Amino acid sequence: MDLTYQAGALCDVLRDRQPIIHCITNYVTINDCANAALAIGASPIMADAPEEADAVTTHAQSLVLNIGQLSPRKLDAMLLAGAQANRMGIPVVLDPVGVGVSALRTSAVRQLLETVHISILRCNRSEAACIYGMHVNQHGIDSDHSISISDGEALARALAARYHCTVALTGETDLVANAFHLYRLEGGHKMLSRVTGMGCIATVLCAVFAAASDDHLPAAIAALGTISAAGEIAFEKAGHLGTGSFHIAVIDALSQMDAQTLSSHLKLTEVSHADTQ
Amino acid sequence: MDLTYQAGALCDVLRDRQPIIHCITNYVTINDCANAALAIGASPIMADAPEEADAVTTHAQSLVLNIGQLSPRKLDAMLLAGAQANRMGIPVVLDPVGVGVSALRTSAVRQLLETVHISILRCNRSEAACIYGMHVNQHGIDSDHSISISDGEALARALAARYHCTVALTGETDLVANAFHLYRLEGGHKMLSRVTGMGCIATVLCAVFAAASDDHLPAAIAALGTISAAGEIAFEKAGHLGTGSFHIAVIDALSQMDAQTLSSHLKLTEVSHADTQ
Amino acid sequence: MDLTYQAGALCDVLRDRQPIIHCITNYVTINDCANAALAIGASPIMADAPEEADAVTTHAQSLVLNIGQLSPRKLDAMLLAGAQANRMGIPVVLDPVGVGVSALRTSAVRQLLETVHISILRCNRSEAACIYGMHVNQHGIDSDHSISISDGEALARALAARYHCTVALTGETDLVANAFHLYRLEGGHKMLSRVTGMGCIATVLCAVFAAASDDHLPAAIAALGTISAAGEIAFEKAGHLGTGSFHIAVIDALSQMDAQTLSSHLKLTEVSHADTQ
């Protein structure tokens with residue numbers, strides 16, 4: 001089946017299923033995460049106390065772990081909820097926000113990747129490079145190298161292979177990779193980077209679409225395609241007014257997203273191994 | 001005095017008094033709760049550390065306890081602030097968000113109801129059913145039954161009688177009950193359920209109006225009527241744009257609410273005991 | 001150089017530098033703080049766990065300490081980040097939100113002022129009076145006096161002298177003082193007080209502009225002038241719609257602020273010592 005069509009169709013599937021998404025996330029953008037999930041047709045639960053994290057996960061069809069504004073208590077909640085999600089076989093999406101800015105975040109990401117099976121890793125290139133380096137650093141390889149587009153592609157493939165997951169790498173060009181395939185997604189709008197939370201929303205959308213699809217590759221493509229499409233639509237409607245109105249227009253666009261709008265905005269190309277290496 | 005007129009008039013009373021509302025609430029919608037309180041004419045303080053909770057309550061005319069995204073520390077703060085509010089004789093409004101999803105929340109609600117006198121219980125039907133069942137379960141009665149409209153009415157009356165409080169039950173039809181009376185409120189808009197925090201705002205409004213009225217029945221009616229009216233007005237203005245713009249328009253409508261607008265939107269009918277049973 | 005011109009020019013300087021601002025702040029307005037920083041052209045990091053606070057500060061060009069919704073853990077984070085910022089010589093902006101409402105906040109502010117060198121103290125008059133009284137109370141002087149405009153000026157000068165900092169006092173008329181100069185800023189709009197977080201945004205703007213200027217006096221003037229200008233522009237565009245739309249229009253205005261807009265909105269007058277006393 002054509003991936004562009006398949007990704008678009010997920011938009012309608014999830015509106016029917018209204019999956020419950022358990023999000024353990026930062027407080028900077030927690031309201032946006034909940035509203036984005038509702039706008040696209042899912043049902044969010046935000047609960048991050050270790051005393052109830054795994055109990056809440058039992059009600060969910062998908063789990064988000066976002067380490068922005070991390071604390072040891074939230075990490076405990078993530079480990080408990082992650083273990084519960086793995087037992088249930090529901091998708092887990094990790095957003096390693098700012099990994100590398102502190103030992104707390106770096107060791108948290110290492111611990112999460114070692115103990116929880118992650119379905120989709122959603123991050124930007126410098127976060128991906130940090131995670132890649134975290135590992136190779138143990139063998140003495142320098143991780144401090146600048147990342148170009150083609151390095152991004154190599155990184156996405158390498159992390160997908162190492163963690164047996166789908167990697168959704170956002171940047172000027174978005175990349176989605178699993179062990180077998182790598183796709184480039186063009187589009188979106190640079191104003192998305194002038195509003196906080198657009199990356200966090202992309203992560204929530206990965207979890208929402210993963211709850212509607214056994215195959216996480218089209219889910220990640222649908223998620224990144226949805227936020228890019230919403231950014232393009234929002235900029236056209238409200239970009240001239242400023243970043244506040246643009247922000248609201250992104251949520252508006254999510255709430256009006258459908259299969260056709262999503263498919264028509266997807267600018268997807270598969271990259272062969274020969275092109276990357 | 002006519003209740004519709006009385007509820008509307010509270011809108012003007014509170015704008016004069018500008019009551020201070022102490023809110024211990026979740027971080028998903030804490031910004032909306034503060035902005036809704038300001039919009040309608042009150043003055044919110046959000047403070048949830050047990051180290052200062054009761055000290056902050058001493059400055060307030062009303063207290064909100066919302067257990068969304070609960071933690072043991074926040075529960076401690078609620079117990080301290082609740083005790084202080086009871087000593088001062090100011091109204092306490094409880095929103096048992098998601099009671100039943102975890103042992104943490106269920107035991108917290110039980111503890112709050114056992115130790116703090118609640119003035120208004122604001123919740124949805126499944127939360128009300130859970131609280132009702134929590135109690136009867138101890139005597140072996142099954143609480144797991146689906147709730148129809150008439151069950152909602154029975155529930156509202158039963159909880160009002162058991163906890164000597166006013167019950168504000170939101171749903172497709174809203175219900176407000178105390179030990180003697182039960183009212184149905186029609187209206188609102190279903191888009192209110194596609195934005196997070198509209199229930200939390202209804203709870204804050206209960207506290208705001210209760211600070212302006214010794215009788216909590218008209219206060220709860222004014223509160224639910226206000227969010228319903230705001231939803232209707234907001235949908236007309238911005239519903240076609242999407243849920244982001246609708247969200248903003250709800251706050252706009254709260255900031256422009258007045259006695260006449262509120263009274264003219266209230267669709268209130270008293271239900272006699274004969275109708276319910 | 002003319003201060004009005006100088007303050008305006010900072011607007012362009014910071015857009016070039018895109019300084020990283022580390023904010024330890026309350027969760028009520030944390031999203032607004034991050035979006036305001038992004039809108040004006042800075043890059044915010046919100047991290048408040050003591051386990052990573054000082055590590056995060058090492059990446060920053062400026063630090064915000066906002067005690068709204070304080071907890072002992074956040075205070076620990078502030079003390080660690082503040083010490084790190086002082087070691088690095090980057091500006092620290094303190095917002096003593098609600099100092100005086102509880103012993104927790106009052107003793108926190110005392111501890112912060114005693115152990116961290118503050119570059120800019122951004123607060124309202126009653127908070128300034130509380131801080132002034134905290135000190136003189138130790139010598140038996142009554143701090144419980146009402147504050148008029150001229151007292152505000154005396155307060156601003158006294159706190160600037162005592163703490164060797166710039167004081168940015170917001171109110172109907174804003175005041176900016178250091179040890180040598182005192183300025184009055186007229187303008188702004190009263191609707192700014194009907195949206196939560198406008199004071200918190202003013203504080204973030206102080207940190208943003210301080211990261212673009214070695215002299216904190218023009219930075220504080222630019223910051224207060226920016227939020228006032230944004231309030232005026234937003235009211236003209238969206239005030240008639242309500243406080244929700246006004247709120248969004250403030251962020252819009254911040255994202256479109258430039259040197260000329262800021263300079264043309266600044267209504268600045270220097271107050272001589274003779275006028276104050």
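Residues numbered from 1 in each chain as written. Chains lettered and ligands numbered in written order. Predicted model: local features only at pLDDT ≥ 70, side-chain atom pairs only at ≥ 80, totals over all residues. Heavy atoms only, no water.

Peer 1: Could you give an account of the packing of aromatic side chains, with specific residues and numbers?
Peer 2: With the rule as written, the count across this model stands at three aromatic pairs over all chains. Between tyrosine 27 of chain A and tyrosine 27 of chain C the ring centres are 4.8 Å apart and the planes differ by 65°, which places this aromatic pair in the edge-to-face class. Pair noted here: tyrosine 27 of chain A is in the loop between strand 1 (20–24) and helix 2 (30–40) and tyrosine 27 of chain C is in the loop between strand 1 (20–24) and helix 2 (30–40), and the two residues belong to different chains. For tyrosine 27 of chain A, a relative accessible area of 11% translates into the label buried. Within the aromatic cluster, the residues linked to one another by ring pairs are Tyr27 of chain A, Tyr27 of chain B together with Tyr27 of chain C. Its guanidinium or amino end placed over the ring of tyrosine 27 of chain B, lysine 74 of chain B lies 4.0 Å from that ring's centre, counting from NZ or CZ. (Phe/Tyr/Trp six-rings, centres within 6.5 Å; stacked < 30°, edge-to-face > 60°. Helix = DSSP H or I, 4+ residues; strand = E, 2+ residues; numbered from the N terminus. Buried < 20%, exposed > 50% of the residue type's maximum accessible area, 1.4 Å probe, protein only. Lys NZ or Arg CZ within 6 Å of the ring centre and 35° of its normal.)

Peer 1: Outline the packing of helix 1 (residues 3–17) of chain B against helix 9 (residues 216–238) of chain B, listing residues and values.
Peer 2: All names here are of chain B. In the contact formed by helix 1 and helix 9, the axes pass within 9 Å of each other and the chain directions differ by 75°. As far as their axial angle goes, helix 9 and helix 1 are roughly perpendicular. Here Leu3, Gln6, Ala7 and Leu10 of helix 1 come into contact with helix 9, specifically with Leu217, Pro218, Ala219, Ile221 and Ala222. Here the residues of the contact of helix 1 with helix 9 sort into eight nonpolar, one polar and no charged. (Axes fitted to C-alpha atoms, helices over the stretch in contact; angles between N-to-C directions. Parallel < 35°, antiparallel > 145°, perpendicular 65-115°, else oblique. Contact = heavy atoms within 4.5 Å. Nonpolar A, V, L, I, M, F, W, Y, C, P; charged D, E, K, R; others polar.)

Peer 1: Please set out the UniProt feature "binding site: ATP" (unreviewed entry) in chain A residue by residue, giving values where relevant.
Peer 2: All names here are of chain A. As recorded in UniProt, the feature "binding site: ATP" (unreviewed entry) lies at Arg122 and Thr170. Of the residues just listed, which span 49 residues, no C-alpha pair is farther apart than 7.5 Å, and they cluster in one region. Turning to its location among the elements, arginine 122 is positioned in strand 5 (residues 120–124). Non-local contacts of arginine 122, meaning those with residues more than four positions away in its chain, are made with Val93, Leu94, Asp95, Pro96, Ala168, Thr170, Gly199, Cys200, Ala202, Thr203, Cys206 and Leu224. Tracing the backbone shows threonine 170 in strand 6 (residues 166–170). Leaving out residues up to four positions away in the same chain, threonine 170 has contacts with Arg122, Cys123, Asn124, Arg125 and Leu224. Within the structure, threonine 170 has its side chain in polar contact with the side chain of arginine 122 (distance 2.5 Å). (UniProt positions renumbered as here; feature names shortened; annotations may be inferred. Polar contact = N/O pair within 3.5 Å; in protein donor to acceptor, adjacent residues only side chain to side chain.)

Peer 1: Quick rundown of the sheet that holds strand 3 (residues 62–66) of chain A? Include the residues and the values.
Peer 2: All names here are of chain A. Ordered in space as 2-1-3-4-5-6-7-8-9, the nine strands form an open sheet in which the pairing is mixed. With partners counted over all chains shown, the strands left at the sheet margins are strand 2 (43–46) and strand 9 (267–270), one partner each. Averaged over all pairs of adjacent strands, the angle between strand axes in this sheet comes to 20°, irrespective of strand direction. The pairing of strand 1 with strand 2 spans four bridges and is classified as parallel. Across the sheet, isoleucine 20 pairs through a bridge with serine 43, a residue of strand 2. (Pairing = 2+ DSSP bridges.)

Peer 1: Residue-level account of the confidence of the model for chain A, with values.
Peer 2: Residues of chain A with pLDDT of at least 70 account for 92%, and the chain-wide mean is 93. When the criterion is pLDDT under 50, residues 137–145 of chain A qualifies, and its contacts beyond four places in sequence or with other chains add up to five contacts. (pLDDT = per-residue confidence, 0-100.)

Peer 1: Lay out the environment of isoleucine 251 of chain A in plain terms, naming residues and giving numbers.
Peer 2: Mapped onto the elements, isoleucine 251 of chain A comes out in helix 10 (residues 243–255). Taking the C-alpha atoms as reference, isoleucine 251 of chain A lies 6.7 Å from alanine 39 of chain A; in sequence the two are 212 residues apart.

Peer 1: Please set out helix 4 (residues 72–88) of chain B residue by residue, giving values where relevant.
Peer 2: Residues and elements named next belong to chain B. A rise of 1.5 Å per residue sets the reference length of helix 4, with its 17 residues, at 24 Å; its end C-alpha atoms lie 24 Å apart and thus fit the reference within 8%. Three or more residues of helix 4 are buried, namely Lys74, Leu75, Ala77, Met78, Leu79, Ala81, Gly82, Gln84 and Ala85. On its buried face, helix 4 sits against strand 1 (20–24), helix 3 (53–57), strand 3 (62–66), strand 4 (92–95) and helix 5 (103–115). Positive backbone phi, approximately 75°, marks glycine 89, located one or two places after helix 4. (Expected span 1.5 Å × (residues − 1).)

Peer 1: Help me get a handle on the relation of the copies chain A and chain B, residues and values and all.
Peer 2: Mapping chain A onto chain B calls for a rotation angle of 120° and an axial translation of 0.0 Å; the resulting RMSD is 0.0 Å. Such a combination of rotation and displacement between the chain copies is what one expects of a three-fold axis. Nearest to the rotation axis, the C-alpha of tyrosine 27 of chain A is located 3.7 Å from it, this being the minimum over chain A. Interface overlap between copies is the fraction of interface residues in one copy that are interface residues in the other; for chain A against chain B it is only 9%, indicating separate surfaces. (Least-squares fit on C-alpha atoms with pLDDT ≥ 70 in both.)

Peer 1: Quick rundown of the interface of chain A and chain C? Include the residues and the values.
Peer 2: On the side of chain C, 23 residues touch chain A, which itself brings 24 residues to the contact. Between chain A and chain C, roughly 1900 Å² of surface is buried when both sides are summed, and carbon and sulfur atoms account for 52% of that area. Counting every contact that joins chain A to chain C gives one salt bridge. A salt bridge links arginine 105 of chain A to glutamate 52 of chain C, with the shortest nitrogen-to-oxygen separation between them at 2.9 Å. (Buried area = accessible area lost by both parts, 1.4 Å probe. Salt bridge = Lys/Arg side-chain N within 4 Å of Asp/Glu carboxyl O.)

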